[in-house]
Amino acid sequence: MNTVLEINNLTKKYGRITAVNNLSLSIERGSVFGILGPNGSGKTTTLGILLDVINKTSGEFSWFGQPPTKEVRKRIGAILETPIFYPYLNAVKNLEIVAEIKGVPKSNIDISLQKVDLFERRFDNFKTYSLGMRQRLSIASALLCDPEVMILDEPTNGLDPQGIAEIRGLIQQIAKDGKTIILASHLLDEVQKVCSHFCVLKRGKLLHVGTVDEVTKGAELVEVMANNPALLEQALQQFKGVKNISKEEDKFIVTLSEGQSAADLNQFLFDQKLVATHLLTQRKSLEKQFLEVLAQSDHA
Amino acid sequence: MLKLLKIDLQKLANYRAFWVLNIMYGVLIISIPVVVLEFMKWLKEKGADFNNFDPMKIPVLHFPDIWQNITYVYTFLKIFLAIVVIISISNEFSYKTIRQNIIDGFSRMDFIKSKMSTILLLSLGSALLVFITGLLTGLIYTPDLEMGNVFDGSEFVLAYFLDLFCYLTLAFLLTVLLKRSALTVFMLLLFSPIERTIAAFFPANLKFITEYFPIHAINNLIAFPLSRYWFQEIQDYVSLSAVGVVLIYIVIFVYAIYYKLKSSDL
Ligand SMILES: Nc1ncnc2c1ncn2[C@@H]1O[C@H](COP(=O)(O)OP(=O)(O)OP(=O)(O)O)[C@@H](O)[C@H]1O
Ligand SMILES: [Mg+2]
């Protein structure tokens, strides 16, 4: 049983707007699945349907091969959009309610709070928390039941850079324990760093689904500069491992063929008695792929 | 069910308005008989002219009259408890915590059961308080106390319980429909005037239908008792048909709450 979530032809209509349009998707156990899409593309709506707070218009989905029920939701740790808690209760009291609903022992509360670094402030009322602390508390709440699946909708929204890095580390750590994570985000960099798989939604339609590796691996792009651009250009044209060369002023952008690296290119130039003054490997980014997918859909 | 009650009480235990309103309600229940007696004593001392009649002899707070009299008066206080219920439920919508409860593993029915068990507890608790207050007041002030008469008419405490339970369930329904607390309290207060206005447009041969309007039906449980002291006929029993109608209303209200929650996005 390796499929955690199976979605078939899921559709949600709000009057004339189709927020989720005939979406089919399946998510494997242990994957960290990123859901990308511009604002209003249906990410939150999709997750809301999966968590039974939004009624679907049509379609089906199943968790762990079972029809969705409240028992299934008790095995999922989820936050949707913004942290939601009783403002007049402190962190511990809030998590006690969650623990009671999920039927997990109260002893999990302190552990969760320590994981997100909120233990010191645990007796302060939720309404006195900063946005970042609220985000952390919602992650603590999602961790409370030691979930098999975590659903995080923009978990780093409003966090400082250190907070973002910490949450990212936390997600990676949770993923290492073999948990399945579903992460909706605008931060492509974040998805690239933590996700194994991703999909792209636009106006509720699925535009792309695949692994992050297949996008970021593959042919490398290298920027090269030397004191004598003319000589450099000659030399580059002779290099066997080159697929394509483009020029931006004095800078050459070289697409290497499969299996070649920037080190090979550097060695070659050195053998040609040329010294590069600038040599930079451009990582192929998810961002590019994302923008390409969206641009293609505009032409279609 | 107890677990669901416990969860709802955890939400309320640290909420100040919950305690303030409950305590105000409790204090009013206990103090009304005291105030009435003090008032009658005061009338007596002032030598009010009742044709030499001692106002303390009017059996307002004597067994068995006391049960219907106090429960009738107390039904005017139920708005305090209705406000408790309305705040507790509208908070869940304004904080969106109902959404998180469901994400965490409640079903919509669990949410309803959890709130209904608090409503049940409030109704039972205040019926108990009314019972004890009535019993003590009656024991203290009934001059020719015969133990056999003490519980005559105490079925009005049960009627009071049903009255409260149905009214609070209606408050629950209105909150689910209107979401905002101030608006809901306002609508609940307007409910009876609106009913009466609508009833005024009914032709005489259909007037009997207006008896079954929700607030009217609830009020039929405990008939106005005080007119017996100016020698008018009153209904001094709890009519079973009134009980039946109220029970049906409770079922309808709960079903309407369920239907509304089921069909809406949270
Ligand atoms: N309650 C609602 N009523 C009407 N339309 C809605 C409602 N909720 C969402 N929508 C619409 O559904 C579409 C998808 O919204 P959704 O919140 O799922 O987007 P999202 O991908 O999460 O966006 P963001 O990145 O901004 O969080 C939008 O066009 C939005 O306007
Ligand atoms: Mg969203």
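What counts, and where the lines are drawn
Residues numbered from 1 in each chain as written. Chains lettered and ligands numbered in written order. Predicted model: local features only at pLDDT ≥ 70, side-chain atom pairs only at ≥ 80, totals over all residues. Heavy atoms only, no water. UniProt positions renumbered as here; feature names shortened; annotations may be inferred. Helix = DSSP H or I, 4+ residues; strand = E, 2+ residues; numbered from the N terminus. Buried < 20%, exposed > 50% of the residue type's maximum accessible area, 1.4 Å probe, protein only. Areas by Shrake-Rupley, 256 points an atom, 1.4 Å probe, with all protein chains shown as cover. Contact = heavy atoms within 4.5 Å. Buried area = accessible area lost by both parts, 1.4 Å probe. Salt bridge = Lys/Arg side-chain N within 4 Å of Asp/Glu carboxyl O. Polar contact = N/O pair within 3.5 Å; in protein donor to acceptor, adjacent residues only side chain to side chain. Patch = residues over 30% accessible without salt bridge, like charges linked within 9 Å, V, L, I, M, F, W, Y side chains within 5 Å. Near = heavy atom within 4 Å. Domains from an automatic or database assignment.

Under an unreviewed UniProt entry, chain B has the name ABC transporter permease and belongs to Fulvivirga sediminis.

Looking at an unreviewed UniProt entry, one finds chain A named ABC transporter ATP-binding protein and attributed to Fulvivirga sediminis. Recorded under Sequence similarities (unreviewed entry), the UniProt text for chain A is reproduced unchanged: "Belongs to the ABC transporter superfamily."

Novice: Can you help me understand the overall build of chain A in this one?
Specialist: Looking only at helices and strands, chain A features 11 helices and 13 strands. Seen through its principal axes, chain A has C-alpha atoms that stretch 70 × 45 × 35 Å. Classification of the 300 residues of chain A by burial places 51% in the buried group. Of the roughly 14200 Å² of accessible surface on chain A, 48% is carried by carbon and sulfur atoms.

Novice: Explanation requested: the interface of chain B and chain A in the structure shown.
Specialist: Often, the extent of an interface is quoted as the loss of accessible area upon association of its parts. Taken together, the contact between chain B and chain A spans 27 residues of the former and 28 residues of the latter. Summed over both sides, the interface of chain B with chain A buries roughly 2700 Å², with 51% coming from carbon and sulfur. The tally of links from chain B across to chain A stands at 5 salt bridges. Our enumeration of links across chain B and chain A arrives at 16 residue pairs in polar contact (both at pLDDT 80 or more). Counting only elements with at least two residues in the side of chain B that touches chain A, the list comes to helix 1 (2–13), helix 5 (97–104), helix 6 (108–141) and helix 11 (240–263) of chain B.

Novice: What is the right way to look at a nonpolar patch on the surface in this model?
Specialist: A surface patch of nonpolar side chains, amounting to about 660 Å² of accessible area, comprises Leu-128, Ile-132, Leu-136, Leu-139, Ile-140, Leu-145 and Met-147 of chain B. Mapping Ile-140 of chain B onto the fold places it in helix 6.

Novice: I'm lost on the site of ligand 1 in this one. Help?
Specialist: All names here are of chain A. Not every one of the 13 residues close to ligand 1 is listed here, only the nearest: Gly-40, Lys-43, Thr-44, Thr-45 and His-186. Backbone polar atom of Ser-41 to an oxygen atom of ligand 1: 3.1 Å apart, as the coordinates give it. Between ligand 1 and Gly-42 there is a distance of 3.0 Å, counted from an oxygen atom to a backbone nitrogen or oxygen. Here ligand 1, which alone exposes 630 Å², has 63% of that area covered by the protein.

Novice: Just checking my understanding: could you explain the UniProt feature "transmembrane region" (unreviewed entry) in chain B for this structure?
Specialist: Residue and element names in this part refer to chain B. Under the UniProt annotation, "transmembrane region" (unreviewed entry) lies at residues 12–36, 70–89, 118–141, 156–178 and 238–258. For residues 118–141, the end-to-end C-alpha separation is 34 Å, with 100% helix and 0% strand making up the annotated structure. Structurally, residues 238–258 comprises 90% helix and 0% strand, and the distance from its first C-alpha atom to its last is 30 Å.

Novice: Explanation requested: the domain arrangement of chain A in the structure shown.
Specialist: Splitting chain A by domain gives domain 1 (3–213) and domain 2 (218–283). Placing a centre on the C-alpha atoms of domain 1 of chain A and another on those of domain 2 of chain A gives a separation of 43 Å.

Novice: When you look at the environment of Ala-171 of chain B in this model, what are you seeing that I'm missing?
Specialist: All names here are of chain B. In this structure, Ala-171 sits in helix 7 (residues 155–178). The exposure class of Ala-171 is buried, given its relative accessible area of 0%. The residues contacting Ala-171, other than those within four sequence positions of it, are Ala-82, Val-85, Ile-86, Thr-184 and Leu-188.

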